[in-house]
Amino acid sequence: MTAAQKGERLDRTLAQASDLSRSRLKNLILAGAVTVGQRTIRDPGHRVNAGDEISVTIPPDAPAEPQGEDIPLTIVHEDDALIVIDKPKGLVVHPAAGNQSGTLVNALIAHCGASLSGIGGVKRPGIVHRLDKDTTGLMVVAKTDKAHRALSAQFADHGRTGDLEREYLAFVWGAPDRPKGSVDAPLGRHPQARDKQAIRPDGREAVTHWELLEKYPGIDGKTVASLLACRLETGRTHQIRVHLAHLGHPLLGDDTYGPGFKTKAVHLSENGRQALQALGRQALHAHILGFQHPKTGDVLRFQSRLPDDLSSLRHSLSGVRQPAPRAAKT
């Protein structure tokens, strides 16, 4: 199609020239499905010029319900009520725009079949909590509606009156000046970047407790990075990533919340720089998960070792082989 009005917003121009809703067109623009001339435009507010050639690529309709896919899973525990998995990096938890297949949900449907809880909706059956695509580690998924309700109640309570325990291992730039502490700062959607979270006075309560485990020296002998254990008191989207950046110690490899710290890589050893470059993700791992079994009432507690990429990073940062990080207190 050709733009007819100079200076009109791209989404408005397309809405006037098609039978698609403006919100649908906005999502297509944000997804990179619209070009002006030969250039992909991802800004719905982009101003068009008379004579601009505009092209819209409309993806085929996705199936109403996600399909089972043969995706390997590392299963830590499974019974008739739930399944605990050790999620690898790069695996999105549930289908969404841009990720309609190849997700954990697709893998779970193939593995569990009809036994998966439906409370989470057709696109996220059984999902009680989430991990970011590139955060590795432990997740519990409900296989029955009763288990889903019980587990969701534990996560909503954040372990304040029950047995829920969530601890992450986080490699960060620099090191806090004390051995342990907490970040109590409410989180909400970033006012300018809709895919990010930010600390906001009108946000939802968010509390992260941290403990310093190890410090790593740079080539000048000064501490350049450290390893923290982070225990969640609440579980908001990107909580640890935002809170640690707020603390002044963003995660290594986190280009979203710590882009200004990339230059600190020059202070790493050559092995450290190579390990960080090979990592290609935020250095965060869901290390410990504990909860009360919704059927038996038993307290289950699982621990996941660092995956190979983070273990390699740790070894490269420290320069010496060290034992695995200490287990959390029982």
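Everything here concerns the structure above.
Residues numbered from 1 in each chain as written. Predicted model: local features only at pLDDT ≥ 70, side-chain atom pairs only at ≥ 80, totals over all residues. Heavy atoms only, no water.

> Can you break down the overall build of the protein chain residue by residue, with the values?
A count of helices and strands for the protein chain gives seven helices and 14 strands. Taken over 330 residues, the protein chain has a buried fraction of 45%. Pairs at least 24 apart in sequence give 66% of the contacts found in the protein chain among residues at least 6 apart. When the accessible surface of the protein chain is split by element, carbon and sulfur atoms take 47% of a total near 16700 Å². (Helix = DSSP H or I, 4+ residues; strand = E, 2+ residues; numbered from the N terminus. Buried < 20%, exposed > 50% of the residue type's maximum accessible area, 1.4 Å probe, protein only. Contact = heavy atoms within 4.5 Å. Areas by Shrake-Rupley, 256 points an atom, 1.4 Å probe, with all protein chains shown as cover.)

> Go over the nonpolar core with me, naming the residues and quoting the values.
By size, the foremost hydrophobic cluster in this structure holds 28 residues, and its most contacted members are Tyr-168, Cys-230 and Leu-244. Within the residue set of this core, elements represented by two or more residues are β5 (82–87), α3 (104–112), β6 (136–142), β7 (165–173), β11 (207–217), β12 (223–232), α5 (239–246) and β13 (284–292). When residues no more than four places from it in sequence are discounted, the contact partners of Leu-244 are Ala-170, Val-172, Leu-228, Cys-230, His-249, Pro-250 and Leu-251. Of all hydrophobic cores here, the second largest spans 18 residues; its members include Leu-169, Ala-265, Leu-306 and Leu-313. (Core = buried A, V, L, I, M, F, W, Y, C linked by side-chain atoms within 4.5 Å.)

> So, the sheet that holds strand β1 (residues 34–36): which residues are in play, and what are the values?
Pairing in this open sheet of three strands is antiparallel, and the strands run β2-β1-β3 from one edge to the other. The two strands at the open ends of the sheet, each matched to only one other strand, are β2 (39–40) and β3 (54–56). In the sheet, β1 pairs with β2 via two bridges, with the strands oriented antiparallel. Bridging from a neighbouring strand, Val-36 pairs with Arg-39 of β2. The sheet contacts of helix α1 (residues 10–17) involve β1 and β3, and relative to β3 the element is tilted by about 75 degrees. (Pairing = 2+ DSSP bridges. Axes fitted to C-alpha atoms, helices over the stretch in contact; angles between N-to-C directions.)

> Account for the pattern of salt bridges, naming residues and giving values.
Taken as a whole and assessed by the stated rule, the structure comprises 14 salt bridges. One connected set of salt bridges, linked through shared partners, spans Lys-89, Arg-281 and Asp-309. (Salt bridge = Lys/Arg side-chain N within 4 Å of Asp/Glu carboxyl O.)

> Kindly report on the packing of α1 against helix α2 (residues 22–30), identifying the contributing residues and their values.
At a minimum axis separation of 9 Å, α1 and α2 run at an interaxial angle of 125 degrees. By the criterion of interaxial angle, the relationship of α1 to α2 is oblique. For the element pair α1 and α2, the recorded crossing hand is right-handed. Where α1 abuts α2, its residues Leu-10, Asp-11, Arg-12, Leu-14 and Ala-15 lie against Arg-22, Leu-25 and Ile-29. A per-class count over the contact of α1 with α2 returns five nonpolar, no polar and three charged. (Parallel < 35°, antiparallel > 145°, perpendicular 65-115°, else oblique. Left-handed = near helix turned anticlockwise from the far one by under 90°. Nonpolar A, V, L, I, M, F, W, Y, C, P; charged D, E, K, R; others polar.)

> I'd love a proper account of the pairing of β12, names of residues and values included.
In terms of burial, β12 is largely enclosed, as eight of its ten residues are buried. Looking at chain direction, β7 and β12 are connected through seven bridges and run antiparallel. Bridge pairing links Glu-167 to Arg-231 in β12. Pairing of β11 with β12, which is carried by nine bridges, proceeds in the antiparallel orientation. Within β12, the residue paired with Glu-214 across the bridge is Leu-227.

> Can you tell me about the packing of aromatic side chains, naming the residues and giving the values?
Per the stated rule, a full pass over the model turns up two aromatic pairs. The interplanar angle of 20 degrees and the centroid separation of 6.3 Å between the aromatic rings of Phe-171 and Tyr-216 together place this pair among those described as stacked. Placement of Phe-171 in strand β7 and of Tyr-216 in strand β11 is noted, with a sequence separation of 45 residues between them. Taken as a pair, Phe-171 and Tyr-216 share a single burial class, namely buried. With centroids separated by 6.2 Å and ring planes inclined at 35 degrees, the aromatic side chains of Phe-291 and Phe-302 adopt a geometry described as tilted. Of this pair, Phe-291 sits in strand β13 while Phe-302 sits in strand β14 (residues 299–303); the two residues are eleven residues apart in sequence, bridging distant segments of the chain. We note that Phe-291, like Phe-302, is buried. (Phe/Tyr/Trp six-rings, centres within 6.5 Å; stacked < 30°, edge-to-face > 60°.)

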